[in-house]
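# Coordinates in review
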Amino acid sequence: MINKKFLITTGLEESFPEEDHSEVVFLGEWCRDFTTKDAWEKLNYKILPYHWDDRDKLYADYKEFKRIYEALLEELSIKLNEIHQEDLSLKSWRIILGPWLADFIQAIFDRYETLLVAFNENQDYALRAVARDRLSNVPNDMVHFHSLFASDDWNESIYTQLITMHWPSQVKIFWITKKSRASESLRANVIGGFFRQWLLPKISGLVSGKDDVFFIESYLPKKTEMRLQMRLGQVPNLWKSQDVPKVKADIRQRQWSLSSTTGGDLENIVRKMIPDNIPTAYLEGFVSLNNKVSGLSWTKNPSSIFTSNSYSGDDLFKVWVARKIKQKSRLIIGQHGGHIGTDLFSFHEEHQIEIATTYLSWGWSDASRKKIIPVGNIRCFGSAVAHSPSGGALMVELSSPRYAYHMMAMPIAGQLLQYFEEQKLFLKSLPSEVRNQVILRLGKRDWGWRWTERWNEAMPEVKLDDGTRDIRSLIEGSRLYISTYNATTFLETMSWNIPTIMFWNKSHWELNAQSEPYFELIEKAGIFHSTPQSAARKMLQIWDDVDSWWYSNEIQKVREIFVNQYAKVPNDTIKVMKEILTKSN
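This section reports on the structure supplied with the text. (Residues numbered from 1 in each chain as written. Predicted model: local features only at pLDDT ≥ 70, side-chain atom pairs only at ≥ 80, totals over all residues. Heavy atoms only, no water.)

What follows concerns the overall build of the protein. Helix and strand counts for the protein stand at 22 helices and 16 strands. Taking 585 residues into account, the globule formula puts the C-alpha radius of gyration at 25 Å, and the protein, at 25 Å, falls close to it. In terms of its C-alpha atoms, the protein occupies a principal-axis envelope of roughly 75 × 60 × 50 Å. Excluding contacts between residues fewer than 6 apart, the proportion of contacts in the protein whose partners are at least 24 apart in sequence is 75%. Accessible surface, the protein as shown: approximately 25000 Å² in total, 49% of it carbon and sulfur. (Helix = DSSP H or I, 4+ residues; strand = E, 2+ residues; numbered from the N terminus. Rg over C-alpha atoms; globule rule 2.2 N^0.38 Å. Contact = heavy atoms within 4.5 Å. Areas by Shrake-Rupley, 256 points an atom, 1.4 Å probe, with all protein chains shown as cover.)

As a further point, take the packing of aromatic side chains. Counted under the stated rule, the structure contains 46 aromatic pairs. A centroid spacing of 6.1 Å and a plane angle of 40° characterise the contact between Phe65 and Tyr69, whose relative ring orientation is tilted. Pair noted here: Phe65 and Tyr69 are both in helix α2 (residues 55-84), with a separation of 4 residues, about one helical turn. Taking relative accessible area as the criterion, Tyr69 reaches 1% and is therefore assigned buried. Ring centres 4.9 Å apart and planes at 85° place the aromatic pair Phe420 and Trp455 in the edge-to-face group. Of this pair, Phe420 sits in helix α13 (residues 415-428) while Trp455 sits in helix α15 (residues 451-458); the two residues are 35 residues apart in sequence, bridging distant segments of the chain. We classify Trp455 as buried; its relative accessible area is 1%. Members of the aromatic cluster, connected to one another through ring pairs, are Tyr485, Phe490, Trp504, Trp509, Tyr518, Phe519, Phe528, Phe562 and Tyr566. Across from the ring centre of Tyr59, 4.4 Å away, lies the NZ or CZ of Lys63, which sits over that ring. Over the ring of Trp543 we find Arg479, and its NZ or CZ is 3.9 Å from the ring centre. (Phe/Tyr/Trp six-rings, centres within 6.5 Å; stacked < 30°, edge-to-face > 60°. Buried < 20%, exposed > 50% of the residue type's maximum accessible area, 1.4 Å probe, protein only. Lys NZ or Arg CZ within 6 Å of the ring centre and 35° of its normal.)

Turning our attention to the environment of Ser432. Summarising the element assignment, Ser432 is placed in helix α14 (residues 432-435). A relative accessible area of 39% means that Ser432 is categorised as partly exposed.

Another point: the sheet that holds strand β4 (residues 125-130). Taken in spatial order, the 5 strands make up an open sheet running β3-β2-β1-β4-β5, and their pairing is parallel. Each of the sheet's edge strands pairs with one partner strand only, and the pair in question is β3 (45-47) and β5 (171-176). This sheet shows a mean twist of 30° between the axes of neighbouring strands, independent of strand direction. Two elements, strand β2 (residues 24-26) and β3, share 3 bridges in a ladder whose sense is parallel. What sits directly across from Phe26, in β3, is Ile47. Where helix α5 (residues 152-166) meets the sheet, it contacts β1 (5-8), β4 and β5, and its direction lies at approximately 130° from that of β4. (Pairing = 2+ DSSP bridges. Axes fitted to C-alpha atoms, helices over the stretch in contact; angles between N-to-C directions.)

Moving on: the side chain of Ser361. Tracing the sequence through the fold places Ser361 in strand β9 (residues 358-361). The contacts of Ser361, once residues within four sequence positions are left out, are Gln335, Ile372, Ile373, Pro374, Val375 and Gly376.

Moving on, we get to the nonpolar core. Within soluble globular proteins, side chains that are nonpolar generally end up buried alongside one another. Core analysis: the largest hydrophobic core is formed by 182 residues, its most contacted members being Leu76, Trp100, Ile274, Ile278, Phe426, Leu427 and Met539. Among the elements that line this core, the one with the most residues is helix α3 (residues 90-119), at 16 residues. Residue contacts for Ile274: discarding those within four places in its chain leaves Leu72, Leu76, Trp100, Leu101, Phe104, Trp256 and Leu258. (Core = buried A, V, L, I, M, F, W, Y, C linked by side-chain atoms within 4.5 Å.)

Attention shifts here to the packing of helix α9 (residues 286-294) against helix α11 (residues 315-326). At a minimum axis separation of 10 Å, α9 and α11 run at an interaxial angle of 70°. The angle between α9 and α11 places the two elements in the roughly perpendicular class. The handedness of the crossing between α9 and α11 comes out as right-handed. From α9, Phe286, Leu289, Asn290, Lys292, Val293 and Ser294 reach across to α11, where they touch Asp315, Leu316, Val319, Trp320 and Arg323. When its residues are assigned to classes, the contact of α9 with α11 shows 6 nonpolar, 2 polar and 3 charged. (Parallel < 35°, antiparallel > 145°, perpendicular 65-115°, else oblique. Left-handed = near helix turned anticlockwise from the far one by under 90°. Nonpolar A, V, L, I, M, F, W, Y, C, P; charged D, E, K, R; others polar.)

Keep in mind these values describe shape, not function.
As structure tokens, this is what we get:
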């Protein structure tokens with residue numbers, strides 16, 4: 001028998017070996033939680049290569065994921081209609097269930113592939129796994145799922161399910177117990193909850209017209225949204241959603257399966273895992289969820305429904321909007337942020353365009369998808385931000401989960417550590433008198449990377465912002481904005497005409513064919529850079545007089561071309577939005 005190595009699948013410290021092992025195998029960088037560094041540094045370990053470091057494989061796997069998703073969405077829609085005695089269309093289930101199903105399949109795809117790397121050499125392993133109730137990690141709804149699926153605990157459970165299903169003969173499992181964590185209080189902010197969940201909806205329902213355009217999480221600045229509603233001839237309402245009913249998972253309601261056996265090993269594994277992992281909102285709690293939707297005071301027969309955010313994570317809204325679309329209401333979705341329209345592949349971009357009647361982009365269009373209307377950067381409608389020509393620099397950092405969660409054109413899982421090295425290289429390329437004037441803004445959510453600790457260890461002299469301060473005030477105190485990833489904030493600074501430079505690794509941020517010429521344009525102008533060293537050289541070149549460079553005719557012309565495509569702001573935004581919303585009726 002081949003000598004057993006010790007396999008560690010997550011950063012859960014309880015799963016580390018109690019005794020010394022000749023060799024410990026970490027599935028990936030996510031196992032090395034920075035806060036448990038003292039524990040894992042003592043181990044004789046190796047980290048397995050990450051399968052999606054091959055970006056061509058990532059793109060090919062994305063296409064396979066899409067095929068699996070469509071097959072399972074259809075099967076699961078039929079099964080849930082049977083269970084709930086419903087006759088909901090595939091489009092309705094796509095709206096309600098699609099975001100969870102897609103995220104779940106993408107997560108399982110990654111976890112399965114990482115285990116394939118471990119077991120490809122016919123290696124036997126020892127493993128410490130948490131003994132848990134079969135349904136202990138079933139989420140209540142999409143919001144709850146998002147709080148779980150980037151955690152060590154949920155991932156340890158998923159990895160253990162996969163191992164016991166597919167490689168039981170190659171693993172000697174030592175079952176352990178784990179102390180229960182204190183549950184979050186459901187009674188926090190009772191007064192605020194009462195206002196948002198009951199009083200505000202009741203007031204809004206009294207003044208809402210039955211045929212009004214319905215706005216929720218629109219991404220428009222509040223004043224702009226209220227002015228737009230008044231221009232539409234309706235009383236302004238700032239609608240808020242409500243919590244999904246909390247219902248426990250019941251093993252008796254999960255004694256079913258998806259019977260098809262088409263597809264490969266991965267597809268069939270996902271089929272088997274769905275009954276024990278589907279959120280209760282779509283199963284045990286579906287009746288309660290529908291009853292709560294029926295009691296909403298929201299607009300009864302909206303001509304159009306406009307959102308930029310609620311289409312994915314808000315299960316109450318998704319059930320409600322599926323009903324309204326059946327009644328011929330139009331769903332208008334506004335672009336949520338950056339990266340969209342420029343990336344090579346992203347499910348959530350494709351999903352929101354697929355379910356929308358009309359999709360409002362920040363400037364780009366697609367001849368093959370006529371429903372996309374290039375309206376402009378709605379986050380910047382009716383707002384403006386200045387900057388300080390004598391201030392410092394603001395550098396904004398990316399943070400995403402340690403575990404792969406979406407298959408898309410961005411750094412995934414352990415690739416964030418390469419990104420971190422690139423950030424350090426940029427700052428180290430600056431002389432100390434300039435570097436000391438840079439504020440490094442971290443993401444609000446750390447995802448277990450412990451970025452503050454990492455930066456304090458690597459470059460303690462760097463000024464850190466924890467991401468909670470108003471970014472506009474930070475921009476107003478800066479002479480230069482430094483963007484380090486392809487997302488929302490640099491589009492906002494470009495819209496506001498704030499001096500901006502950006503840099504990122506092109507191999508981790510693959511562009512689609514339409515956007516490549518626009519990024520080549522800003523790269524030639526010295527706005528975009530593909531290496532941290534190049535960006536640092538440009539910053540030093542312009543540092544003493546950033547405004548003269550930025551407001552030169554050459555740069556302003558390039559900026560205008562780019563902004564018109566990806567972050568334009570119309571002269572009369574209210575008029576433009578009214579025309580689109582009423583045209584959609």
